Each structure stands twice: as structure tokens, then as C-alpha cells.
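# Descriptive structure summary
Here's the letter readout for the chains.
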Amino acid sequence: MAELSSNQLQAAGELEIEMMQDLYKRMTTACHKKCVIPRYKDSELSKGESVCIDRCVAKYMEVHDRIGKQLTSMTLQQQPTLQAQQANDPSRVVGSYQ
């Protein structure tokens, strides 16, 4: 596998941060909508609301983990095919300007 340049590593890191921010935003919105009643009575979450949010967040993170593992598995399975294609036609390499 080819080494990544520092610019590529930085871009990958920034993309990962953006993806995690999006996940957090979607998770927060969905779990709040599902678990917290719109009319606040107290300044603190009730026991039921806290339990609901804990479960909701756990489900989101479990699904995120499963999807990540599946994508990694698919990428590893496709890697030999992609490398063979790149070896046969270097102009098809992502990021190539030829």
C-alpha cells in the first residue's frame, strides 16, 4: 500500500473530525427529540430521560461501530482488485493529474 503524504494524512484527519461532528450532531438531535419532552419542567433530566438518552447514544455508537467495521472489511476485500487496476492503468489512480 502506498504511503500517504502529510497533506493526505491531514485531509483524512480533518474529514474524520467532520464526520464525527456530524455523527454527534445527528445523535444529539435524534436522542433529544426521542427522549426529552418538549416542555421542560426541571433544570435536570428525569431518571427516565437519562436512561432513554443513555440507550439511544449506545445504539448510535453500536451502529457506528458496526458500519465502520463493515466498511473496513469491504475496503480490505476490494484492495487487491484496486491495486491490480492501478498497476494496469496508472491514470485511473485517485488524485492522478495525468
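Overview of the structure. For clarity, every value in this text was computed on a predicted model and none was experimentally measured. (Residues numbered from 1 in each chain as written. Predicted model: local features only at pLDDT ≥ 70, side-chain atom pairs only at ≥ 80, totals over all residues. Heavy atoms only, no water.)

### A word on the packing of helix 1 (residues 6-35) against helix 2 (residues 47-88)
With their axes 9 Å apart at the nearest point, helix 1 and helix 2 run at an angle of 145 degrees to one another. Judged by the sense of rotation from one axis to the other, the crossing of helix 1 with helix 2 is right-handed. Counted together, Met-20, Leu-23, Arg-26, Met-27, Ala-30, Cys-31, Lys-34 and Cys-35 of helix 1 and Glu-49, Cys-52, Ile-53, Cys-56, Val-57, Lys-59, Tyr-60, Met-61 and His-64 of helix 2 form the full contact between these two elements. Split into classes, the residues belonging to the contact of helix 1 with helix 2 amount to 12 nonpolar, 1 polar and 4 charged. (Axes fitted to C-alpha atoms, helices over the stretch in contact; angles between N-to-C directions. Helix = DSSP H or I, 4+ residues; strand = E, 2+ residues; numbered from the N terminus. Left-handed = near helix turned anticlockwise from the far one by under 90°. Contact = heavy atoms within 4.5 Å. Nonpolar A, V, L, I, M, F, W, Y, C, P; charged D, E, K, R; others polar.)

### Points about helix 2
Residues separated by three or four positions in an α-helix point in the same direction, a consequence of the helix having 3.6 residues per turn. The end-to-end C-alpha distance of helix 2 is 61 Å, a good match for the 62 Å that 42 residues give at a rise of 1.5 Å each. Where helix 2 bends most, at Gln-79, the angle is about 40 degrees, and the proline Pro-80 comes one to four residues later. (Expected span 1.5 Å × (residues − 1). Bend = angle between axes of the 7 residues up to and from the residue.)

### Describing the nonpolar core
Ranked by size, the top nonpolar core spans 5 residues in total: Met-27, Cys-31, Cys-35, Val-36 and Cys-56. Ranked by residue count, the leading element in this core is helix 1, at 3 residues. What Cys-35 contacts, discounting residues up to four positions off in sequence, is Glu-49, Cys-52, Ile-53 and Cys-56. (Core = buried A, V, L, I, M, F, W, Y, C linked by side-chain atoms within 4.5 Å. Buried < 20%, exposed > 50% of the residue type's maximum accessible area, 1.4 Å probe, protein only.)

### Overview of the state of the cysteines
Taken as a whole and judged by the stated rule, the model has 2 disulfides. In this model Cys-35 forms its disulfide with Cys-52; the gap between the sulfur atoms is 2.0 Å. Here the disulfide of Cys-35 and Cys-52 is left-handed, its torsion about the S-S bond being about -65 degrees. With a gap of 17 residues between them, Cys-35 in helix 1 and Cys-52 in helix 2 connect regions that are remote in the sequence. (Disulfide = S-S within 2.5 Å.)

### Observations regarding a nonpolar patch on the surface
Taken together, the side chains of Val-63, Ile-67, Leu-71 and Met-74 define a hydrophobic patch exposed on the protein surface, amounting to about 350 Å² of accessible area. Along the chain, Ile-67 falls in helix 2. For Ile-67, a relative accessible area of 47% corresponds to the partly exposed category. (Patch = residues over 30% accessible without salt bridge, like charges linked within 9 Å, V, L, I, M, F, W, Y side chains within 5 Å. Areas by Shrake-Rupley, 256 points an atom, 1.4 Å probe, with all protein chains shown as cover. Salt bridge = Lys/Arg side-chain N within 4 Å of Asp/Glu carboxyl O.)

### Remarks on helix 1
Its 30 residues give helix 1 an end-to-end C-alpha distance of 43 Å, which sits within 8% of 44 Å, the value for a rise of 1.5 Å per residue. Along helix 1, the residues that are buried comprise Leu-23, Met-27, Cys-31 and Cys-35. Those residues of helix 1 hidden inside the fold are in contact with helix 2.

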